[in-house]
Amino acid sequence: MSQLDTACGIQKAIQGKFKLSSGSPVPESMLNYHSTPTKHISYFSGLRWLHWNLPGVLLSLENKVKIFAPNIEQRDVVNHLKGSPAEEKRNVLVESARLARGNIQDLAELKASEFDAVIFPGGFGVAKNLCSWAVDGKDCTVNEHVNSTLQAFHSAKKPIGLCCISPVLAAKVFPGCEVTVGQDKNVDGRFPDAETASAIAELGCKHVCKNVNESHVDKANKIVTTCAFMCKAPLHEIFDGIGTMVQEVLKLA
């Protein structure tokens with residue numbers, strides 16, 4: 001295999017992760033996407049600059065990355081300044097283009113035959129827009145294009161990476177698979193959404209408890225997962241976990 005093409009399927013991305021939120025955390029999405037061995041990134045929020053260095057554990061320069069998002073209306077729009085719903089309509093693909101700097105395609109156009117792997121960042125946008133987990137829990141429905149994308153890569157025996165809340169997509173689409181969203185108990189208050197692990201088990205899947213800086217590999221299904229912001233942890237620990245997830249995906253490709 002000469003070059004690894006990784007399709008990074010993302011939905012709307014908004015800076016920060018809130019309980020009332022409508023998209024993916026920017027740090028999480030960028031860690032899945034960024035393609036340089038060592039990169040210094042700055043995000044500006046109000047009067048504070050947030051800086052960090054990304055170690056060379058993510059997608060290296062020889063990897064080609066393309067970003068996709070479904071061309072659908074968001075379930076809702078959140079005013080993150082006030083932490084409340086806003087009375088307006090937005091499109092997931094249009095909003096995702098902000099993070100992708102316009103270099104993005106409709107998820108309906110993704111062809112698994114043209115890629116070696118697919119990675120789904122997490123965030124509340126997954127639970128609202130890529131599926132209805134935020135409203136329906138384990139009884140949720142998965143967006144048709146997200147479902148078909150997962151099925152296509154799985155059928156082709158190509159690796160699938162998922163982090164944060166997005167492992168529930170695999171749990172819903174592939175009964176019997178193994179995933180992690182961290183711990184199944186709220187250890188030291190670091191895993192406030194630990195009940196998600198029980199819901200995954202109720203879907204007939206195996207939840208594997210992992211620390212935030214670890215990932216789990218379901219070798220039989222070529223599914224790699226890590227908990228990311230499902231854990232209240234320092235950014236560098238979350239980065240390490242996402243880094244291991246990406247590395248394991250590339251090993252399987």
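Residues numbered from 1 in each chain as written. Predicted model: local features only at pLDDT ≥ 70, side-chain atom pairs only at ≥ 80, totals over all residues. Heavy atoms only, no water.

Undergrad: It is not clear to me how the pattern of salt bridges should be interpreted in this structure. Could you clarify?
TA: Two side chains carrying opposite charge are able to pair once their charged atoms lie near each other. On inspection of all chains with the given rule, the structure shows 10 salt bridges. For Lys 89, the salt bridge is made with Glu 73, and the minimal N-O distance between the two is 3.7 Å. Highlighted residues: Lys 89 in the loop between strand S8 (84–86) and helix H2 (92–100) and Glu 73 in the loop between strand S6 (64–69) and strand S7 (77–79), separated in sequence by 16 residues. For Lys 138, the salt bridge is made with Glu 202, and the minimal N-O distance between the two is 3.8 Å. Placement of Lys 138 in the loop between helix H4 (133–136) and helix H5 (144–155) and of Glu 202 in helix H7 (residues 195–202) is noted, with a sequence separation of 64 residues between them. Taking relative accessible area as the criterion, Lys 138 reaches 28% and is therefore assigned partly exposed. Residues participating in the shared-partner salt-bridge network are Glu 88, Arg 90, Glu 95 and Arg 98. (Salt bridge = Lys/Arg side-chain N within 4 Å of Asp/Glu carboxyl O. Helix = DSSP H or I, 4+ residues; strand = E, 2+ residues; numbered from the N terminus. Buried < 20%, exposed > 50% of the residue type's maximum accessible area, 1.4 Å probe, protein only.)

Undergrad: Honestly, the packing of aromatic side chains in this entry has me stumped. Any pointers?
TA: All told, the structure shown has 1 aromatic pair when counted by the stated rule. Arranged with centres 5.7 Å apart and planes meeting at 85°, the rings of Phe 68 and Phe 115 form a pair that is edge-to-face. Taken together, the positions of Phe 68 in strand S6 and Phe 115 in the loop between strand S9 (105–106) and strand S10 (117–120) put the pair 47 residues apart, joining distant regions of the chain. In this pair, the class of Phe 68 matches that of Phe 115, namely buried. (Phe/Tyr/Trp six-rings, centres within 6.5 Å; stacked < 30°, edge-to-face > 60°.)

Undergrad: Any chance you could explain unusual backbone geometry here in plain terms?
TA: Across residues other than glycine, the phi torsion is negative in most instances, and most of the peptide bonds are trans. Phi is positive for Lys 157, which is not a glycine, with a value near 55°. Among the structural elements, Lys 157 can be located in the loop between H5 and strand S11 (160–163). For Ala 228, which is not glycine, the phi dihedral falls at a positive 50°. With respect to the helices, strands and loops of the structure, Ala 228 is situated in the loop between strand S15 (223–226) and helix H8 (235–252).

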